[in-house]
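# Inside the fold
What follows is each chain in one-letter form.
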Amino acid sequence: MENIRIAVQKSGRLQESSLKLLKECGLKFSNGQNKLKAQASNFPAEVLFLRDDDIPEYVQDGVADLGIVGENVCLEKEKDIKTVQKLGFAKCRLSLAVPKNTEADSVKWFDGKRIATSYPVIVKSFLKKENISAEIHEISGSVEIAPGIGLADAICDIVSTGSTLLSNGLKESFSILKSEAVLISSPKLTDYKTELLNKILFRIKAVNEARNNKYILLNAPNHSVEKIASILPGMKSPTVLPLKEEGWSSIHSVVDEGTFWDKIDQLKAHGAQGILVVPIEKMIL
Ligand code: PRT
Ligand code: ZN
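Below is a short write-up of the structure. (Residues numbered from 1 in each chain as written. Chains lettered and ligands numbered in written order. Predicted model: local features only at pLDDT ≥ 70, side-chain atom pairs only at ≥ 80, totals over all residues. Heavy atoms only, no water.)

## Observations regarding helix H4 (residues 120–129)
- Within H4 the residues assigned to the buried category are Pro120, Ile122, Val123, Phe126 and Leu127. Taken around the axis of H4, the buried residues stretch over an arc of 165°, which confines them to a single face. Of the residues in H4, the exposed ones pointing more than 90 degrees away from the buried face are Lys128 and Lys129.
- The secondary structure elements touched by the buried residues of H4 are helix H3 (71–77), strand S6 (92–99), strand S7 (114–117), strand S8 (135–138), strand S9 (154–159) and strand S10 (170–179).
- Asn131 sits one or two positions beyond H4 and adopts a positive phi of about 60°. (Buried < 20%, exposed > 50% of the residue type's maximum accessible area, 1.4 Å probe, protein only. Helix = DSSP H or I, 4+ residues; strand = E, 2+ residues; numbered from the N terminus. Arc of directions from axis to C-beta. Contact = heavy atoms within 4.5 Å.)

Written as structure tokens, this is what we have:
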């Protein structure tokens, strides 16, 4: 059987979460000695380990069929690829930053300035849209030191916690792009590979759904069951089971991570006790 080839970062911030996701999708890889490729033992898939910057091109050219890469890299490389699914990890932003004592509260400040970045394509297109003309200095690493050594007035770089900027005497001025890891695909997959992609995608969605939801179990007095059921509608409706103790029920449901703490307060207000919240591994709607 022909393999679907998935390009994953060889080492760096995306690698661990990418492999974890594939594993959660049930793809087992032998930890072979060959670090360039790994073959799944239970699915017609092969992982290719590459530098993240090369992944869009390999996917465009069909050397790899799928890839896991940051949206920032996809946009910068402008290759003919399809973004199939956001993956929810490696979240960051691409931001303009200036020395901490500089007042650069409007994008206009950047007019005529020198900006160092590893993302010239994205920065140029942003500035064009804002009608700003600046001099772009493309550098491939340690962008944050550019203002300090007099190479640029500002930088545009990836920010996550902001501590790199802070420790280099810089501050964030404008965020121009939000990014996270995405699954990309080649625009010319065969029918057979499209079928494999759909299988993988179905599994990724089940893993992501599960990650965003929790299984909740609680005990409640019978007179509160209706109220609690309306707070916890679950996937179809909650399960309600009688407790051995008269007048009490056990309620089981699914709750979305985002609204979880608000709901807990409401549940307690309706007399819920012994609330257990447990992770869900896979969730198929
Ligand atoms: O070797 P290879 O080319 O494959 O890897 P790389 O060094 O180019 O990339 P890598 O592993 O650093 O990042 C891969 C992807 O992770 C990026 O393309 C982003 O999509 C995403 N990502 C998420 C980040 C960060 N968070 C991040 N914090 N990429 C880089 N950083 C760097 C940033 O460049 C800056 O130096 O971390 C610093 C800022 O972090 P804070 O927390 O101090 O703000
Ligand atoms: Zn890279």
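## What about the sheet that holds strand S11 (residues 181–185)?
- The six strands lie next to each other as S2-S3-S1-S4-S11-S5, forming an open sheet whose pairing is mixed. Taken across any chain shown, the strands that pair with only one partner, and hence form the sheet edges, are strand S2 (37–39) and strand S5 (82–86). For this sheet, the mean angle separating the axes of adjacent strands, direction not counted, is 25°.
- The pairing of strand S1 (residues 4–9) with strand S4 (residues 66–70) spans two bridges and is classified as parallel. Its bridge partner lying in S4, Ile6 is registered against Leu66.
- Each of S1, strand S3 (45–50) and S4 is contacted by helix H1 (residues 15–24), which is oriented at about 150° to S1, the strand it contacts most.
- In the packing of helix H6 (residues 191–211) onto the sheet, the strands contacted are S1, S4, S5 and S11, and the crossing angle to S5 comes to about 25°. (Pairing = 2+ DSSP bridges. Axes fitted to C-alpha atoms, helices over the stretch in contact; angles between N-to-C directions.)

## Focus: unusual backbone geometry
- In the Ramachandran plot, Glu78 falls in the positive-phi region, its phi being about 45° despite a non-glycine side chain.
- Within the secondary structure, Glu78 is located in the loop between H3 and S5.
- Residue Glu78 is classed as exposed on the basis of its relative accessible area, which comes to 60%.
- Despite not being glycine, Ser142 shows a phi value in the positive range, around 45°.
- In this fold, Ser142 is placed in the loop between S8 and S9.
- On the basis of relative accessibility, which here comes to 45%, the residue Ser142 falls in the partly exposed class.

## Quick notes on the site of ligand 1
- In the neighbourhood of ligand 1, 21 residues make up the surrounding shell, with Asp53, Asn72, Thr161, Gly162 and Thr164 lying closest.
- Residue Asp53 places a side-chain N or O atom 2.7 Å away from an oxygen atom belonging to ligand 1.
- Side-chain polar atom of Ser163 to an oxygen atom of ligand 1: 3.2 Å apart, as the coordinates give it.
- Burial of ligand 1 by the protein chains amounts to 78% of its free accessible area of 840 Å².
- When contributions to the shell around ligand 1 are tallied by element, the ones reaching two or more residues are H3, S9 and helix H5 (163–167).
- Looking at which element gives the most residues to the shell around ligand 1, the answer is S9, with three residues.
- Broken down by class, the residue content of the shell around ligand 1 amounts to six nonpolar, ten polar and five charged.
- Shared between two domains, the shell around ligand 1 holds at least three residues of each, these being domain 1 (4–89 + 181–210) and domain 2 (92–179). (Near = heavy atom within 4 Å. Polar contact = N/O pair within 3.5 Å; in protein donor to acceptor, adjacent residues only side chain to side chain. Areas by Shrake-Rupley, 256 points an atom, 1.4 Å probe, with all protein chains shown as cover. Nonpolar A, V, L, I, M, F, W, Y, C, P; charged D, E, K, R; others polar. Domains from an automatic or database assignment.)

## A short note on the pattern of salt bridges
- Counting across every chain of the model gives 13 salt bridges.
- Among the salt bridges present, the one from Glu281 reaches Lys282, with a minimum N-O distance of 3.3 Å.
- Classification of Glu281 as exposed rests on a relative accessible area of 63%.
- Residue classification places Lys282 among the partly exposed residues on the basis of a relative accessible area of 38%.
- Here the residues in one salt-bridge network are Glu2, Arg5, Asp65 and Lys193, joined through shared partners. (Salt bridge = Lys/Arg side-chain N within 4 Å of Asp/Glu carboxyl O.)

## Some remarks on the coordination of the zinc ion (ligand 2)
- With distances of 2.0 to 2.1 Å, the protein atoms coordinating the zinc ion (ligand 2) are Asp52 (OD) and Asp53 (OD).
- Angles of 75 to 172° at the metal separate the four donor atoms of the zinc ion (ligand 2), which places the site in the irregular class.
- Classification of Asp52 as buried rests on a relative accessible area of 18%. (Donors = N, O, S within 2.8 Å, 3.2 Å for Na, K, Ca; no water. Tetrahedral: all angles 85-135°; square planar, octahedral: opposite > 155°, others 65-115°.)

## A few points about the sheet that holds strand S12 (residues 213–221)
- Overall, antiparallel pairing links the four strands, which are arranged S13-S14-S12-S15 in an open sheet. In this open sheet, the two edge strands, each paired with only one partner strand, are strand S13 (239–242) and strand S15 (273–279). Put simply, the sheet's adjacent strands are angled 20° from each other on average, direction ignored.
- As judged from the five bridges shared by S12 and S15, these two strands associate in the antiparallel manner. Within the sheet, the bridge partner assigned to Lys214 lies in S15 and is Pro279.
- Here helix H8 (residues 260–269) sits on the sheet in contact with S12, strand S14 (248–256) and S15, set at roughly 160° to S15.

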